[in-house]
Amino acid sequence: MIHSIPNASIVLFGATGDLAHRKLFPALYQLYQKGHMKENFSVVGVSRKEFSHEEFQAEVMSAIHEHAQGADRQIVEKFASHFYYLKMDVTSEASYHELEELLNVLDRDYQTNGNRLYYLAMAPKFFGTIPTFLKSEGITNTEGWQRIVIEKPFGNDLPSATKLNEEIQQSFNENDIYRIDHYLGKEMVQNIQVIRFGNAIFESIWNNKYIDSVQITSSETLGVEDRAGYYEKSGALLDMVQNHMLQMVMMVAMEPPGELKPEHIRDEKVKVLRSLRFFSEEEVKKNVIRGQYSEGSMNGEQVPGYLNEENVDPKSQTETFVAAKLFIDNFRWTGVPFYIRTGKRMAVKSTEIVIQFKQGPMALYHANTENYLPNLLRIHVQPDEGVSLTLNAKPKGDTPDLLPIDMTYNNKNTAEMNSPEAYEKLLHDCLLGNSTYFTRWDEVALSWDFIDRITKSWQDGTGAPLTHYPSGSMGPVEADELLKADGHSWWEPTKVREEC
Ligand SMILES: NC(=O)C1=CN([C@@H]2O[C@H](COP(=O)(O)OP(=O)(O)OC[C@H]3O[C@@H](n4cnc5c(N)ncnc54)[C@H](OP(=O)(O)O)[C@@H]3O)[C@@H](O)[C@H]2O)C=CC1
Ligand SMILES: O=C1O[C@H](COP(=O)(O)O)[C@@H](O)[C@H](O)[C@H]1O
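Residues numbered from 1 in each chain as written. Chains lettered and ligands numbered in written order. Predicted model: local features only at pLDDT ≥ 70, side-chain atom pairs only at ≥ 80, totals over all residues. Heavy atoms only, no water.

**Things to note about the packing of aromatic side chains**
As enumerated under the stated definition, the model contains 25 aromatic pairs in all. Both rings, one in Phe25 and one in Phe56, keep their centres 5.9 Å apart while their planes meet at 75 degrees; by these two values the pair is edge-to-face. A residue pair is termed long-range when its members are at least 10 positions apart, and Phe25 in helix 1 (residues 18–33) and Phe56 in helix 2 (residues 53–67) qualify at 31 residues. For Phe56, a relative accessible area of 1% gives the class buried. (Phe/Tyr/Trp six-rings, centres within 6.5 Å; stacked < 30°, edge-to-face > 60°. Helix = DSSP H or I, 4+ residues; strand = E, 2+ residues; numbered from the N terminus. Buried < 20%, exposed > 50% of the residue type's maximum accessible area, 1.4 Å probe, protein only.)

**Remarks on the site of ligand 1**
Around ligand 1, a shell composed of 22 residues is seen, among which Thr16, Asp18, Arg22, Arg48 and Lys152 lie nearest. Leu19 is positioned with one of its backbone polar atoms (N or O) 2.8 Å from an oxygen atom of ligand 1. Relative to its unbound accessible area of 880 Å², ligand 1 is 74% covered by the protein chains. Looking at the shell around ligand 1, the element that brings in the most residues is helix 1, giving three residues. Grouping the constituent residues of the shell around ligand 1 by class yields 11 nonpolar, four polar and seven charged. (Near = heavy atom within 4 Å. Polar contact = N/O pair within 3.5 Å; in protein donor to acceptor, adjacent residues only side chain to side chain. Areas by Shrake-Rupley, 256 points an atom, 1.4 Å probe, with all protein chains shown as cover. Nonpolar A, V, L, I, M, F, W, Y, C, P; charged D, E, K, R; others polar.)

**With respect to the UniProt feature "active site" (unreviewed entry) in the protein**
UniProt's entry tags His244 with the feature "active site" (unreviewed entry), counted in the numbering of this structure. One can find His244 in helix 9 (residues 228–253). For His244, a relative accessible area of 2% corresponds to the buried category. (UniProt positions renumbered as here; feature names shortened; annotations may be inferred.)

**Some remarks on unusual backbone geometry**
Here the amide bond leading from Lys152 into Pro153 is cis, since omega sits at 0 degrees, within 30 degrees of zero. Considering the arrangement of structural elements, one finds Pro153 in the loop between strand 5 (146–150) and helix 6 (158–169). The step from Gln382 to Pro383 runs through a cis peptide bond, and the omega angle for that step is 0 degrees. For Pro383, the position within the fold is in the loop between strand 14 (376–382) and strand 15 (386–393). Non-glycine residue Asn299 carries a positive phi angle of around 50 degrees.

If you want it as structure tokens, here you go:
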């Protein structure tokens, strides 16, 4: 449900950065344009660059015209007049006094009641420093609420994430810490709950009696681009699996919450991680595939392999692809494999969740036909948004054969507009104090614990060796063999049909 956002000041650390320009300014603008943000708010942009307030406002306006859909010039100008700029080095204690002075003036001018949201759109090395100074310099000491948004990555293993968490919790309560995973802001990821718990027909068969297997694919066509500095240390396991892929697993596998309240939902999600089978070295070798893209062809153009990308070590062992078979050892899911795969430079940009149902008890119609498909529920997360259900039906005419048909809901088509960006939804939620779609510390800790075992096994050389796949393919053959061993194969990403 959409509510009006309370009066507040937003401090955007990293205001001249890529994330602020491409996502955060446009997302805030959309909230304003739609009337969810009234006039009583201010945004203070912080970074080291020299800017006047006016120059910063011009930057904000140009970012919105470039990245927000349907921006209206007059509304953009009015929106940008709420923006202020402070040149400061976040590692320098002294500069926090200037921030406090500016915020005190803005609190008065915009009647914010001292409500403040701090958004750290900065490199992770600053995630501990900023909250510490915000508290020690008295900036968080107002009568209003104080919330902090932390970008990814939240640590790079369990010990570093624990240390970072302890640092932040010295200054902010867990309830006021909003750890972003932008996949949780995606329309269709949020829709998983509604599809499951809003439809008795699905909820009653959402278990190992009726579900054969689950597949989650998030494939990208882009390569490492200009992010090798970060990606060389992270790889697909830390960049995508620890956060986005595990979040989607939790959304599919969680039990129904007692109420639609943040802690009820997050409690159920974390229980999934508690039941996730943590792999031994032997199990990592058997169940986790890692790959790296080699040169290949994308849309008819030859593209270089990962090792020839800028700033990549020519001997790099960094994985750009991961496929895994996960197990959730509880009453609902025992015996149902969750296959996940994600990678860069793959054939298509797509995120799709496929629930494959078991066959009926007798093959009355499909024993002698190759047309038969199992019932599949596909949740199309992106680029199309929608749901489709594959059924088998009799084709028109005088034939005994059977034909798979799709019942489809196309979100874009029905809503007649693009879904709001993930950041728009998430900013809206944290300004309202709704932490449902942010990751709680126990989720983060468990996910790192699971991932660290895989990292360790790869580092020790006990896991499956790095394998290669040509750019423009759907990953290494070893990922296909992982499923083949169980009599399965990957369902390739599909488009949502326009008609219902
Ligand atoms: N870009 C994206 O699409 C995504 C980014 N993220 C995460 O968001 C965060 C920011 O990413 P991104 O915007 O790409 O990073 P950028 O490198 O583009 O921006 C970093 C920002 O930090 C500022 N900065 C750096 N050092 C200091 C300092 N000592 N004091 C004050 N300001 C400083 C920079 O400005 P200046 O140099 O002028 O000081 C700049 O505004 C990262 O944690 C990233 O992992 C997550 C998902 C997607
Ligand atoms: O967090 C990240 O996500 C993007 C993929 O996000 P999507 O919304 O485009 O699917 C990925 O490219 C990036 O490497 C990773 O850091």
